[in-house]
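# Summary of the model geometry
Here are the chains, one letter per residue:
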Amino acid sequence: MSITPQMQLRTLESSGIPMYWFAAAGSLLHLNASGRRPLQGPSNSSDEGCPRPNTNAQELLASFPGDSWQDFLDQVAEVGHLRFASMLKTRGGAEVPADVSANLDTLEGQRCLFVVAVELFDRSEAEKALRRTESIQRSIMVSSTDIIMLLDRDQRIQFINRTAPGFTPAQVMGTEIY
């Protein structure tokens, strides 16, 4: 049994990853079921978190490589595939970070751009939490009256929050403790 284009499209339609097909002019030809569900943005309890009812690619993607849509298409045509970071725009106006992959394709005999957009909201939130934690730790170390050092395996100073009078942290970094 051979796989027909209709079977392939049904498989892509049921995928858990948002997929969009855009005409060369940028108008939306098709989006799969995942492309119609709410994004994982900060407020996604209603249609406000859903992707905009896209009339064109620029309404979905906040940014894409190149100075214009045509420049972007030319780049994809030249290399066959582009992957880049962008923001997906929701109906409510929020933007959700995404890893976007674009390929040239054919849909129902029409040349188009096949775009897969994987949301990075969870990773973005984790990175924000990590930065907050690092900021708190840094504040504790800098404000401590005790000397706090980080040493490598060879007992060289990699970090020091304060030094003895007459020395700066830059002077002692990389030196051996013993």
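Calculation rules
Residues numbered from 1 in each chain as written. Predicted model: local features only at pLDDT ≥ 70, side-chain atom pairs only at ≥ 80, totals over all residues. Heavy atoms only, no water. Helix = DSSP H or I, 4+ residues; strand = E, 2+ residues; numbered from the N terminus. Contact = heavy atoms within 4.5 Å. Areas by Shrake-Rupley, 256 points an atom, 1.4 Å probe, with all protein chains shown as cover. Core = buried A, V, L, I, M, F, W, Y, C linked by side-chain atoms within 4.5 Å. Buried < 20%, exposed > 50% of the residue type's maximum accessible area, 1.4 Å probe, protein only. Salt bridge = Lys/Arg side-chain N within 4 Å of Asp/Glu carboxyl O. Pairing = 2+ DSSP bridges. pLDDT = per-residue confidence, 0-100.

Across its full length, the protein holds six helices and seven strands. Each helix and strand of the protein, ordered N terminal to C terminal, gives the series α-β-β-α-α-α-β-β-β-α-β-β-α. Here the analysis covers contacts within the protein between residues at least 6 apart in sequence; of these, 38% occur between residues at least 24 apart. For the protein, the accessible surface area stands at approximately 11100 Å², while carbon and sulfur atoms represent 53% of it.

On the secondary structure map, R111 appears in strand 5 (residues 110–119). Residues R111 and W21 lie 90 residues apart in sequence; the distance between their C-alpha atoms is 9.6 Å. If we skip the residues at most four places from it in the chain, R111 touches A23, A24, A77, L104, D105 and T106.

Okay, the nonpolar core next. Formed by 16 residues in total, the largest nonpolar core has its most connected members in F72, L113 and V115. For this core, the secondary structure elements donating two or more residues are strand 1 (19–23), helix 4 (69–79), strand 3 (81–89), strand 4 (95–107) and strand 5. Considering each element in turn, this core owes the most residues, four residues, to helix 4. Within the second largest apolar cluster, six residues are counted, among which are M19, C112, F114 and V116.

The next point concerns the pattern of salt bridges. Scanning the model with the defined rule gives three salt bridges in all. Salt-bridge contacts for D99 lead to R83; the nearest nitrogen and oxygen are separated by 2.4 Å. Taken as a pair, D99 in strand 4 and R83 in strand 3 lie far apart in primary sequence, 16 residues in all. Its salt-bridge partner being D154, residue R156 comes within 3.2 Å of it at the nearest N-O pair. For R156, a relative accessible area of 30% gives the class partly exposed. According to the relative accessible area criterion, D154 is partly exposed, its value standing at 45%. Salt bridges linked by common partners bring D152, D154 and R156 together as one network.

Here nine bridges tie strand 3 to strand 4, and the two strands are oriented antiparallel to one another. Within the sheet, the bridge partner assigned to L88 lies in strand 4 and is V96. Across 10 bridges, the pairing between strand 4 and strand 5 is antiparallel. From the neighbouring strand, A102 faces strand 5, where its bridge partner is V115. Counted along the chain from strand 4 to the antiparallel partner strand 5, the turn is two residues long, and its residue E108 has a positive phi close to 50°.

On to the confidence of the model for the protein. Note: predicted coordinates in regions of low pLDDT should not be interpreted at a detailed level. Confidence along the protein averages 76 in pLDDT terms, with 70% of residues attaining 70 or more. Taking the mean pLDDT of every element in the protein, the minimum, 66, falls on helix 3 (residues 57–60) and the maximum, 91, on helix 6 (residues 169–172). Long-range and interchain partners of residues 41–47, a stretch whose pLDDT sits below 50, account for nine contacts in this model, where long-range means more than four residues apart.

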